[in-house]
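Overview (structure and organization)
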Amino acid sequence: MLVPRPALAALATLLLSACASTHHYQAPQIALPAAFAHAGPATPATAAVAADWWSAYADPDLDRLLRQIGQANPALAQAEARWRQALALVGAARALDQPQLGASAAATRSGAASATGGGTLLATGLDLAWTPDLWGRAARQRQAAEAGAQAQAALRDAARLALELAAAQGYVRLRALDAQLALQGATEAAYVRSLALTRAQYDAGLVARADVIQAETQLQSLRTQVFTIGRQRALQANALALLAGSTPAELPIAARAPGMVALPGMPPVPAALPAELLRRRPDLAAAERQLAAAHAQWGVAQTAWLPDLTLSASGGLQAGSLARLLDAPARVWSLGPALAATLFDGGTRRAAEAQALAAYDEQAAAWRAGVLAAVRETEDALAQLATLSDQEREQQRLVALAAENERVVGYRYEAGEISFLEVATAQNLALAARRALVDVQAERLVASMGLVGALGGGWEGRL
């Protein structure tokens, strides 16, 4: 018997679709350089970044702050809830290829104008249906759900790292403001001594009244600046409290006692290779899992061309009254397969497949963009650390020179060789140098934390 050509064409289309839908997912690859362009020296002992990466800065207040963020931050709780939703979707996807069992009970009463009249019908039954996953549609839906859950887990970890990084860098800025306030206090004490000396020399007729006014102006200007720094500190503390899921009253961060180092310690620079970013960063892991989910959804769209086979069985009891239903019911049953396929849909399936493929291409481009951004973030942090290290060394030298100049100018003023203008100039130069040193040290710590964040913060693909 000859098979009609349209039937052969339809069969060929189904077979080609089945073959196309068997493409297996492979993780994307990207060519990365063997080393970072701005990588500096790093010992093997510092190559690994711990999960509690902030412990390397040896600051108890920082440790308490970041641990509270992990426990109480609302944004992190939202990410955790999204992950649980994705896990629930995985459970639903795993049930797609399982048999479905249902029960029914019905009571109907009917009437008719014929001589036979109407009657009552009571019926109960069980229905069993199973759609075997012949083309892998349910398997791909399950793969998409599992990849989506893994992506949400990685996004949760990425959110945690971003919050930890923001809080740690904010904490450094707060401690830098504390250092500036401490510097203001020490400088104020020096300015008060200079004003007392100038007044004594004015009373002795050694200097003009202008020197006293200039010393008073310099001191008052310094005292006015304290309010600006204090206001900045209060705002920074409020921001940290929000990150920790608390109010400022619930999370006070006191200034360090006089004599204590305000800024955290500077740890060694961690080492890493560009290729390690692919397994270290949770955001890149999330992008790869989203790509896998998009690939699985593409496979689901491809199977829409194939027919569905359903195996069903049902059995039940029927009777005209409850007594007969319990004693002598009529037994009914049915058993058989059913094959269903869409022959024409006006291009709906083709459009859905094209949309799924485009979504996959979009995720592939997003993954590649994420990798390049991660390399750039790491290079930025390494470049900042390299230049800031040199800048701090030179700034320390400038502080030492300014302090020596301030001391020498002070001696010359006491000897009556110069006016107070040179003293004020030397003191302002020394203060500016010390302020700049605090800023550079804080920037270096922030860049160090930025490098840890760019390297994934100790995350090791825990999906």
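Now for a description of the structure that goes with this document.

Before going further, it helps to spend a moment on the overall build of the chain. A tally of helices and strands in the chain yields ten helices and four strands. In the chain, the succession of helices and strands from N to C terminus is α-α-α-β-β-α-α-α-α-β-α-β-α-α. In the chain, buried positions account for 37% of the 463 residues. Long-range pairs, those at least 24 residues apart, make up 83% of the contacts in the chain with a sequence separation of at least 6. Working note: accessible area of the chain is about 25,500 Å², and carbon and sulfur atoms make up 61% of it.

Right, let's get into helix α5 (residues 209–243). Over its 35 residues, α5 runs 53 Å from end to end, which matches the ideal 51 Å to within 8%, given 1.5 Å per residue. The first or second residue beyond α5 is Gly 245, which carries a positive phi of 70 degrees.

Before going further, it helps to examine the packing of helix α4 (residues 137–203) against helix α7 (residues 282–302). Where α4 contacts α7, the two axes come as close as 8 Å, and the packing angle between them is 165 degrees. As judged from the angle between their axes, α4 and α7 are roughly antiparallel. Crossing angle aside, the handedness with which α4 passes α7 is left-handed.

A few words now on the nonpolar core. The nonpolar side chains of a soluble globular protein tend to be buried with one another. Counting 33 residues, the largest nonpolar core has Trp 53, Leu 62, Leu 65, Leu 66, Leu 240 and Met 449 as its most contacted members. Sort the elements by how many residues they give to this core and α4 lands first, with ten residues. In this view, Met 449 contacts Trp 53, Tyr 57, Leu 62, Leu 165, Ala 168, Gln 169 and Val 172; residues no more than four positions away in its chain are not counted. In terms of nonpolar packing, the next biggest core, distinct from the first, is built from 18 residues, Leu 277, Val 371, Leu 388 and Ala 447 among them.

Attention now moves to the sheet that holds strand β4 (residues 330–340). Strand order in the open sheet formed by four strands is β1-β2-β3-β4, and the pairing between neighbours is antiparallel. Strand pairing shows two members of the sheet lacking a second neighbour, β1 (100–110) and β4, which therefore form its edges. Ignoring which end each strand starts from, the neighbouring axes of this sheet average 20 degrees apart.

For the rest of this paragraph, the subject is the pairing of strand β2 (residues 119–130). Every other side chain in a regular strand lies on the same face of the sheet, so the side chains alternate between the two faces. Where β1 and β2 come together, eleven bridges link them in antiparallel fashion. Note on β2: the bridge partner recorded for Arg 109 is Thr 120. Here β2 runs beside strand β3 (residues 308–319); their pairing, made up of nine bridges, is antiparallel. Residue pairing across strands places Thr 124 opposite Leu 317, the latter belonging to β3.

This next bit is on α7. Its 21 residues give α7 an end-to-end C-alpha distance of 30 Å, which sits within 8% of 30 Å, the value for a rise of 1.5 Å per residue. Of all 21 residues that make up α7, 18 are buried, and the element is covered over most of its length.

This part is about the side chain of Arg 175. Examined against the element boundaries, Arg 175 turns out to sit in helix α4. Taking relative accessible area as the criterion, Arg 175 reaches 0% and is therefore assigned buried. A distance of 2.9 Å separates a polar atom in the side chain of Arg 175 from a polar atom in the side chain of Asp 61. Residues within four places of Arg 175 in sequence aside, it is in contact with Asp 61, Arg 233, Ile 253, Ala 254, Ala 255, Arg 256, Ala 262 and Leu 263.

Relative orientation and spacing of two packed helices are given, respectively, by the angle between their axes and the distance between those axes. Contact geometry for α4 and helix α10 (residues 420–454): axes closest at 10 Å, N-to-C directions at 165 degrees. Regarding the angle of α4 to α10, the classification is roughly antiparallel. α4 and α10 meet at a crossing whose hand is right-handed. Counted by class, the contact of α4 with α10 contains 16 nonpolar, ten polar and four charged residues.

A few words now on the packing of aromatic side chains. Under the criterion given, the structure shown has four aromatic pairs. Taken together, the ring pairs connect Trp 53, Trp 54 and Tyr 57 into an aromatic cluster. In this structure, Arg 156 packs its charged tip against the face of Trp 83, placed 4.5 Å from the ring centre.

On to the pattern of salt bridges, then. Enumeration according to the criterion identifies 24 salt bridges in this entry. A salt bridge links Asp 61 to Arg 175; the nearest nitrogen and oxygen atoms lie 2.9 Å apart. A residue pair is termed long-range when its members are at least 10 positions apart, and Asp 61 in helix α2 (residues 60–72) and Arg 175 in helix α4 qualify at 114 residues. Owing to a relative accessible area of 23%, Asp 61 belongs among the partly exposed residues under this scheme. Overlapping salt bridges bring together Asp 61, Arg 64, Arg 175, Asp 178 and Arg 233 as one network.

With that out of the way, let us pick up a nonpolar patch on the surface. A contiguous nonpolar patch, built from Leu 101, Leu 126 and Leu 128 and spanning about 310 Å² of accessible area, is present on the exposed surface. Topologically, Leu 126 is positioned in strand β2.

Let's shift gears to the side chain of Asp 211. Here Asp 211 lies in helix α5. At 10 Å, Arg 209 is the nearest oppositely charged side chain to Asp 211, a buried residue that forms no salt bridge. Not counting the four nearest positions on each side in its chain, Asp 211 is found in contact with Thr 198, Tyr 413, Ser 419 and Phe 420.

Here we come to the environment of Val 452. Within the element layout of this structure, Val 452 appears in helix α10. Judged by relative accessible area, which is 6%, Val 452 ranks as buried. For the pair Val 452 and Ala 50, spaced 402 residues apart in sequence, the C-alpha to C-alpha distance is 9.8 Å.

Where β3 lies against β4, eleven bridges are found, and the strand directions are antiparallel. For Leu 317, the partnering residue across the bridge sits in β4 and is Arg 331.

Position of Ser 246 relative to the elements: it lies in the loop between α5 and α6 (277–280). Distance from Ser 246 to Ile 69, taken between C-alpha atoms, is 9.3 Å for residues 177 residues apart in sequence. Discounting chain neighbours no more than four positions away, the residues touching Ser 246 are Gln 68, Ala 241 and Leu 251.

Conventions we followed
Residues numbered from 1 in each chain as written. Predicted model: local features only at pLDDT ≥ 70, side-chain atom pairs only at ≥ 80, totals over all residues. Heavy atoms only, no water. Helix = DSSP H or I, 4+ residues; strand = E, 2+ residues; numbered from the N terminus. Buried < 20%, exposed > 50% of the residue type's maximum accessible area, 1.4 Å probe, protein only. Contact = heavy atoms within 4.5 Å. Areas by Shrake-Rupley, 256 points an atom, 1.4 Å probe, with all protein chains shown as cover. Expected span 1.5 Å × (residues − 1). Axes fitted to C-alpha atoms, helices over the stretch in contact; angles between N-to-C directions. Parallel < 35°, antiparallel > 145°, perpendicular 65-115°, else oblique. Left-handed = near helix turned anticlockwise from the far one by under 90°. Core = buried A, V, L, I, M, F, W, Y, C linked by side-chain atoms within 4.5 Å. Pairing = 2+ DSSP bridges. Polar contact = N/O pair within 3.5 Å; in protein donor to acceptor, adjacent residues only side chain to side chain. Nonpolar A, V, L, I, M, F, W, Y, C, P; charged D, E, K, R; others polar. Phe/Tyr/Trp six-rings, centres within 6.5 Å; stacked < 30°, edge-to-face > 60°. Lys NZ or Arg CZ within 6 Å of the ring centre and 35° of its normal. Salt bridge = Lys/Arg side-chain N within 4 Å of Asp/Glu carboxyl O. Patch = residues over 30% accessible without salt bridge, like charges linked within 9 Å, V, L, I, M, F, W, Y side chains within 5 Å. Lys, Arg positive; Asp, Glu negative; His and termini not counted.

So far we have only geometry, and geometry alone does not tell us how the molecule works.
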